[in-house]
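# Coordinate inspection notes
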Amino acid sequence: MAAALLSPTLAVLGVVIAFPIAVAVWDSLHTTSEELDADGLVVEGTRFSGVRNYADLFRGETGDRFLNALWNTSFFTVTTVVLETILGLGMALLMHRAFRGRALFRASVLVPWAIPTAISALLWRWIFSADGVANAVLGREVLWTADGAAAKYAVILADTWKTAPFVALLVLAGLQIIPQEVYEAARVDGANAWQRFWSITLPMVKPALLVAVMFRMLDSLRMFDVPQVLIGTRKPSVETLSQLAWDEAMNLRFGPAAASAIALFLYIILAAYVFVRLLGADFVPRGGTTPHTPRRTARFGRGTAK
């Protein structure tokens with residue numbers, strides 16, 4: 001019965017996930033080449049090349065471009081996720097506080113997340129243009145959308161602005177399930193604001209924060225829209241693995257494109273495995289502890305707050 005009920009879902013997953021992956025692996029083992037037939041006409045054909053497309057990712061000009069894209073992808077992932085985590089946590093703490101105009105503040109914070117990524121990148125492209133707002137504020141002309149370090153800063157800023165509200169939203173959901181009695185007990189015990197945050201808020205919101213970080217990490221590893229629209233294609237300073245695979249496919253080099261995509265797929269699996277392996281125990285409560293109850297006793301000045 002269980003197999004019969006699950007079979008439609010498994011069939012859909014097989015069509016939309018397993019089949020494309022299998023096709024990508026097949027394409028990565030083949031190379032499209034052009035040859036002349038007996039009449040001197042150019043004929044395109046596909047031949048089996050084994051792991052040659054994968055080997056080319058680590059040698060020659062193709063290897064240099066792939067390793068550069070791998071570095072850019074890793075750099076953008078680490079940088080943006082760290083910034084988004086810090087900003088998202090701060091915004092969540094502000095949205096959780098009771099103050100006048102909180103509803104308007106919450107709505108304004110979520111606006112960047114509601115804007116499509118391509119539109120957001122286009123807006124930032126206008127801001128970072130030669131005669132845009134960024135240069136007007138700085139009082140100097142910086143070529144943000146050209147190649148170089150400025151382009152990296154532009155991508156980081158645009159992506160952080162776009163997706164930090166997502167982290168804030170998940171963290172806010174975690175903050176709202178923390179019992180107020182815990183904070184009241186800590187205040188009675190003499191805990192200051194920093195002690196309450198470090199010993200109560202952060203440990204109890206940690207599961208939601210880890211989920212947000214994992215989602216953002218996996219999404220950043222697939223970064224494409226922001227650098228593609230904001231900076232453009234074939235820019236070594238910001239080219240990511242997704243852009244590399246897309247550019248190869250657009251130039252009809254489907255074998256190398258599939259190899260790059262499979263490499264990115266394996267990289268994402270490895271990153272997710274390491275993340276869950278190192279921090280996965282904190283996603284699920286241990287020892288029968290509920291998600292709303294701290295596992296450790298927070299000790300403050302005059303006693304203990306549980």
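Residues numbered from 1 in each chain as written. Predicted model: local features only at pLDDT ≥ 70, side-chain atom pairs only at ≥ 80, totals over all residues. Heavy atoms only, no water.

The number of helices and strands found in the protein chain is twelve helices and four strands. Counting the 306 residues in the protein chain, one finds 38% classified as buried. The long-range share in the protein chain, meaning contacts at least 24 apart out of those at least 6 apart in sequence, stands at 67%. As displayed, the protein chain offers around 17600 Å² of accessible surface, 67% of which is attributable to carbon and sulfur atoms. (Helix = DSSP H or I, 4+ residues; strand = E, 2+ residues; numbered from the N terminus. Buried < 20%, exposed > 50% of the residue type's maximum accessible area, 1.4 Å probe, protein only. Contact = heavy atoms within 4.5 Å. Areas by Shrake-Rupley, 256 points an atom, 1.4 Å probe, with all protein chains shown as cover.)

It is worth spelling out the UniProt feature "transmembrane region" (unreviewed entry) in the protein chain at this point. Mapped onto the present numbering, the UniProt feature "transmembrane region" (unreviewed entry) falls at residues 75-95, 107-127, 197-218 and 254-276. Here residues 254-276 runs as 100% helix and 0% strand, with 33 Å between its end C-alpha atoms. (UniProt positions renumbered as here; feature names shortened; annotations may be inferred.)

Another point: the pattern of salt bridges. The tally for this structure, following the rule as stated, stands at nine salt bridges. For Arg 65, the salt bridge identified is with Asp 247, shortest N-O distance 2.8 Å. Remark: Asp 247 occurs in helix α11 (residues 241-250) and Arg 65 occurs in helix α3 (residues 60-96); sequence separation between them is 182 residues. Looking at Arg 65, the relative accessible area reads 18%, which means it is buried. The class of Asp 247 is buried, set by a relative accessible area of 5%. A salt bridge links Asp 219 to Arg 222, with the nearest nitrogen and oxygen atoms 2.8 Å apart. Looking at Asp 219, the relative accessible area reads 32%, which means it is partly exposed. The exposure class of Arg 222 is partly exposed, given its relative accessible area of 47%. (Salt bridge = Lys/Arg side-chain N within 4 Å of Asp/Glu carboxyl O.)

Taking burial as the measure, the ten residues of α11 include seven buried ones, the bulk of the element. For α11, the set of buried residues is Leu 241, Ser 242, Gln 243, Leu 244, Ala 245, Asp 247 and Glu 248. Where α11 is buried, its residues meet α3, α9 (193-221), α10 (225-230) and α12 (254-279). Just beyond α11, the residue with positive phi is Leu 252, at close to 65°.

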